[in-house]
Each structure stands twice: as C-alpha cells, then as structure tokens.
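These are the residues of each chain, in order.
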Amino acid sequence: MDAVLYANNPDATGTLEREREVVFFGWQPEAFAEVMAHEPPPTLVVVFDPSPPPVGDSEEEVVYVTSVPALRSATVAKLGAYGSLVRVDAPGFHEKHASVVGAALEVLLEADSRRAINRNTAVARAGDFTETALRNAMKLGGANGLPTLDDVLGDGVPPLAGVPAFICSAGPSLSLALPLLQEASKKGVIFAVNTAAHPVAEHVDIDVLVTIENVDVTHHFVNALPRIKAAIVAMISNEKVYELLEEAEVPFAVAGAGGDPMDSIAASLGLQMIHGGPSVATTATILADLMGCSPIVLLGQDCAFTGGKGHADGTPYDGEKQTGEVEVPAWGGGTVRTSRPLMMFGRWLSRYAETTSPTGPRLINATMGGMHLEDWEELTLRHVLDELPERPGVPMSFRPAGTRSTSGLRGMLEAGCDAVEEACGHLIAGLSTGHEIKEAMDAMESLTRDQTRFIDAIGTKGQHGVLTHRQLTTSEKLLSSAWLQLHAAKRVREILSTSPSSSCDRTGSPSQCSPPSSRGKRKSSRRRSKGKKTSTSTDPRSPC
C-alpha cells in the first residue's frame, strides 16, 4: 500500500488489522481492498475527497463525502466509544487539497474528542446510569405510575403546536435576555435548563424545567421551585430530583433519554426514545420540537466563553473565568474563544438545524453573544418579541394516560440475569478444569445479547464487548469479567426485588387493574426548601 497510514491508537502496529474505523483522505482502491480484507472488517469506512472518482457497486460499504461539513456529519458522534481511528492519506492529497485539509483534520480531532468523552462517561458513569434508569423505570408502572413524555405528547396534535419556545441556558449572555423574559412569557413558553433555573425564576415563571443529569443537581433549582410550573426529567436522572419534585408537588414527566442500554428499557415499556444530543439544552431543543413549538428561540446558548466567563451571573457556577483553547466565529460577527466540548455542543445544534425539515420549526439564535450557529437565524430577543403576538397560556397534561405495565422489562431483566449466571458459571467451571481459552471466550461472547446489556453496563462499565474482542487472552481477565458480571446480576435482582411489580398492561381494563389515582398529596416543601443546598458527587458544569 503506497498510502500513508496514521493511527490515534498508540498500540497500532502499522497495519489495519486491529482498527475499527478508517478515514481515507483521497480515494484509494488498493488501500480500500486491504482494509476490507481483514476480519473483522472496520465498523466505519469514510472517504473524504473533494473531487472523487466514481465508486463502483463493490464499494457500497464506503461513506463517501466531498465537503468538510459532510465529513463532520459522517464521523462526529459516529465513532465507537472503544474504537480506534486510522487515517489513510493518498499520495499528494495534502498538496492537492491544501485549502481544506486543515479543517478536515480539525473535524477528525473533534470526532475523536467526542469519542473520548463518550468513553470516559461510560467508564465513570455507566453503572450508575443503568442502575438509576432501572429503578426509575419501575416507577412508571401500575395505577400510580409516573407520567411519561409520551403521555404529554399524546397521540394527536402536538400539545404546543405553533407556540414559540424560549430555551433558557446558563451561558454568560443569558443576562442580556433576563429583563425581557416577562414579555416573552406572554408570547410563548419558557423552557429552562436546571443550571439556569435560579436567575430565570427571579424574572418569570418557568413553564418547563428540563433536567437530565445522573448526579444530584437539586441545588440548581431548589430555590426556584415556587416558580416552576412543570418539569421533564430523564430516565437516568438522579432519584433525588424525582423526590424533590414530588415533595414540592411540581408536575413532571419522564423522558426516555440517555442512549443504550436505555433504548431497550424504553422499548420494553412501549415508550419512544429521544436522542437529545450532548447537553441539557440540546435535549430541551428536541423536546420543544416534539411538542410542536415554533419558533424555537435560544437564549444563553453561548457555547463559548463570552467576555471570558463560563456561566451567567446567578447560576451555580458564576464568577468562573475562562479563556478557551479554540477560536470560532461569533454571534453577530467576529470571533470568540471556546472549549472543544462547548464547540461540540454548538456544532450539534448546527447539524440539527441543517437536518430540520423545511416544514419544521423556525430556528432563531437570540443569545446575542457566544458562538455562531450555522443555519440558525441570528436576531436579538427584542427583534423576536416585536414580531410575535401575545397569546393565552397553553395548558399541558402531565398525567398518565393510562396504566403502564413493567412486566416486559422485568421479564427481560430476569432472563438476562439467568443468562449471565449460566454463562459465567460455565466459564468459571471450564477454566478450573483446563478448558481452552477459546471456549471460555465463546462462553463470554454469548452474553452480548440484548437482555444482558444492563448487566454488562453495571458490571464491566460497558466494556464487555471490548474485553471479549480479541483482548481476553488470560484466564485472569476472563475470571475478572465473569465475577463482575455475576455481581452485576446480583445488583439487578436486588433492584427487581425492591421494586413493586406491575402486571397491568398499558390499557388494562378496570377489572384487571386498579383505576388511576393521585399519587397522594404531600405537604409542600416550597417554603421549607428555600435556601437549602444539596451537595453533589460531580459538578456538571456545562452552561448548556
């Protein structure tokens, strides 16, 4: 192969055997043939060439792109958490396309940075995410089950069809919008992310609070509770968030957000899964879209360190000075400095706008600062409000539409525990009697089926697929993985044993199920909670 190979993996040996994703700079038939000849073949093959030759039918596996934005769409958020990216340069490509090579290399760096975030999140939080999601999912069943996003959306016209949505994030430019929020509330719905709740609530009622973090973020909005009309939380949200909202009698609904294996949880409950992007604000944007809102107006969505600040005044992290390592185009012209994670949030919003249907919502970035977002109109909030008429409030139902069963999820988890215990027992017995490593690896590979993903996430932090992909070469590693899986199966059984069972189906008849009833009034904690601070184990410091 005459092409030059570059790998981001320090363990790369100069061949393509172990790599999972390959990006070609320039079409190279011989190199492509070599890549595809190895087993297993790469999970992603992208060819970036601004002037590509025709691709034959035999190269259907190729994702062919001719521009830098298309390269970003093909790679960012598409790389596996534990994969390794290889770039293969055709001779003379850099000289021929010097005007775009720098931007293309920046895209690959962004894609690999996003992969690192996903990997670190999986290692640090996969177990907590999954255990929390399972416990919360069990609260959705039975006559007194919590309402879900599906209940709010209903089966007909979206509940907020044509209603403007003002998405308040915690970026430093939020302070510019605060004096106009009272007027905005007469013309649309106020959404706020948890980090922006306190400053927003000082000026206006929050129609919908959005919070998705797995850590305890109740201190972000506890003082704003008297002005929060409703909330949407994630299935992975910390249980203290659920408890505080219930105690304060704030209506809230649960959204199936969080990614695999939460997809399987949502499917087993008959819920749609939403993929809300990398931040709370991107999730709020998707929610407003699903509810039918238009226009969707971003406020405080700087995605940058405007004025050298990371967050708006009055937010939990105000006063922090930031400089940023990347310079990007700014709202209204010029440039602004940001970090790679914040830049990733901004580019997600740009890709969302790029792929939004022409008949979809009007998208307006009224942040009045921060990073320029492609395909979003840039208008001041004053300009937006002058265009919009006043409208009466739009009530939304945050009540369960019926009784939901968790029996399908419970059955799937019990079957997964059975499979794990059987396979791990076989593995341990096989190793102790001298069976070949290959046979033991085959036994562990059998655990990759859908119903065991929950156990894997809790036990091996989502790394079971990596551990069994040509890397479990010693009996010690195999035994370690087996014991982790067994411990995780035990934890899942404990969750099931402490959760109430629900045998009623989603539309169970009165003769089968108890009728829906209120969840029981509790004394409001709104006054009592004022000023209360709750410590967190992790600071989720994203202003988005």
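Tallying secondary structure elements over the protein chain gives 19 helices and 16 strands in all. Residue pairs in contact within the protein chain that sit at least 24 positions apart in sequence constitute 70% of those at least 6 positions apart. For the protein chain, the exposed area adds up to about 23200 Å²; of that, 52% sits on carbon and sulfur atoms.

Attention shifts here to the pairing of strand β5 (residues 85–89). For β5, the buried fraction is high: 5 of the 5 residues fall into the buried class. Of the two faces of β5, the one holding L85, R87 and D89 and the one holding V86 and V88 are both buried throughout. Relative to β5, strand β2 (residues 21–25) runs parallel, the two being bridged by 5 bridges. Among the inter-strand pairings, F24 is bridged to a residue of β5, identified as V88.

Before going further, it helps to spend a moment on the pattern of salt bridges. Tallied over the entire structure, the rule returns 21 salt bridges. One salt bridge in this structure joins R491 and E494, with 2.4 Å as the shortest N-O distance. One end of the pair, R491, and the other, E494, are both in helix α18 (residues 475–498), 3 residues apart, so they sit about a helical turn from each other. The partly exposed category is assigned to E494, whose relative accessible area is 33%. Connected through salt bridges with shared partners, the residues E131, R135, K139, E239, R491 and E494 form a single ionic network.

Moving on, we come to the side chain of Q301. Turning to its location among the elements, Q301 is positioned in the loop between β12 (296–299) and β13 (326–329). Overall, the relative accessible area of 1% leaves Q301 in the buried class. A distance of 2.8 Å separates a polar atom in the side chain of Q301 from a polar atom in the side chain of S169.

Summed over the entire model, instances satisfying the criterion amount to 7 aromatic pairs. When the centroid spacing of 6.1 Å and the interplanar angle of 65° are considered together, the rings of F48 and F93 count as edge-to-face. With F48 in strand β3 (residues 44–48) and F93 in helix α3 (residues 93–96), the pair connects residues that are 45 residues apart, well separated along the chain. Pair check on accessibility: F48 and F93 agree, each one buried. These aromatic residues form a ring-pair network of at least three members: F25, F48 and F93.

A few words on the nonpolar core. With 123 residues, the main nonpolar core has F166, F191, V200 and F221 as its most contacted residues. For this core, the leading source of residues is helix α12 (residues 340–355), giving 8 residues. Counting residues in each nonpolar core, the second largest holds 19 residues, with V23, V65, L71 and F93 among its members.

Glancing now at the confidence of the model for the protein chain. Here the protein chain shows a mean pLDDT of 78. Residues at 70 or above account for 74%. The model gives residues 9–19 a pLDDT under 50, and that stretch makes 16 contacts with residues more than four places away or in other chains. Note on residues 503–542: pLDDT is under 50 here. Beyond four places in sequence and across chains, it has 82 contacts.

Turning our eyes to something else, we now look at the pairing of strand β6 (residues 165–168). Residues A165 and I167 point to one face of β6 and F166 and C168 to the other, with burial holding for every one of them. Strand direction decides the pairing type here: β6 and strand β7 (residues 189–193), joined by 4 bridges, are parallel. Counted as the bridge partner of A165 is V189 from β7. Sheet topology places β6 next to β12; 4 bridges connect them, and they run parallel. What sits directly across from A165, in β12, is I296.

What helix α9 (residues 239–247) keeps buried is the set V241, Y242, L244 and L245. Here α9 starts with a cap whose side-chain oxygen sits 2.9 Å from the backbone nitrogen of K240, and that cap is N238. Positioned one or two residues after α9, E249 has a phi angle of 60°, which is positive.

So, on to the environment of G276. If you trace the backbone, G276 turns up in the loop between β11 (273–274) and α11 (280–290). G276 sits in the buried class, given a relative accessible area of 7%. Taking the C-alpha atoms as reference, G276 lies 9.9 Å from G256; in sequence the two are 20 residues apart. Sequence-distant contacts of G276, that is, excluding residues within four places in its chain, are made with T282, T283, I286 and W348.

About the cut-offs
- Residues numbered from 1 in each chain as written.
- Predicted model: local features only at pLDDT ≥ 70, side-chain atom pairs only at ≥ 80, totals over all residues.
- Heavy atoms only, no water.
- Helix = DSSP H or I, 4+ residues; strand = E, 2+ residues; numbered from the N terminus.
- Contact = heavy atoms within 4.5 Å.
- Areas by Shrake-Rupley, 256 points an atom, 1.4 Å probe, with all protein chains shown as cover.
- Buried < 20%, exposed > 50% of the residue type's maximum accessible area, 1.4 Å probe, protein only.
- Pairing = 2+ DSSP bridges.
- Salt bridge = Lys/Arg side-chain N within 4 Å of Asp/Glu carboxyl O.
- Polar contact = N/O pair within 3.5 Å; in protein donor to acceptor, adjacent residues only side chain to side chain.
- Phe/Tyr/Trp six-rings, centres within 6.5 Å; stacked < 30°, edge-to-face > 60°.
- Core = buried A, V, L, I, M, F, W, Y, C linked by side-chain atoms within 4.5 Å.
- pLDDT = per-residue confidence, 0-100.

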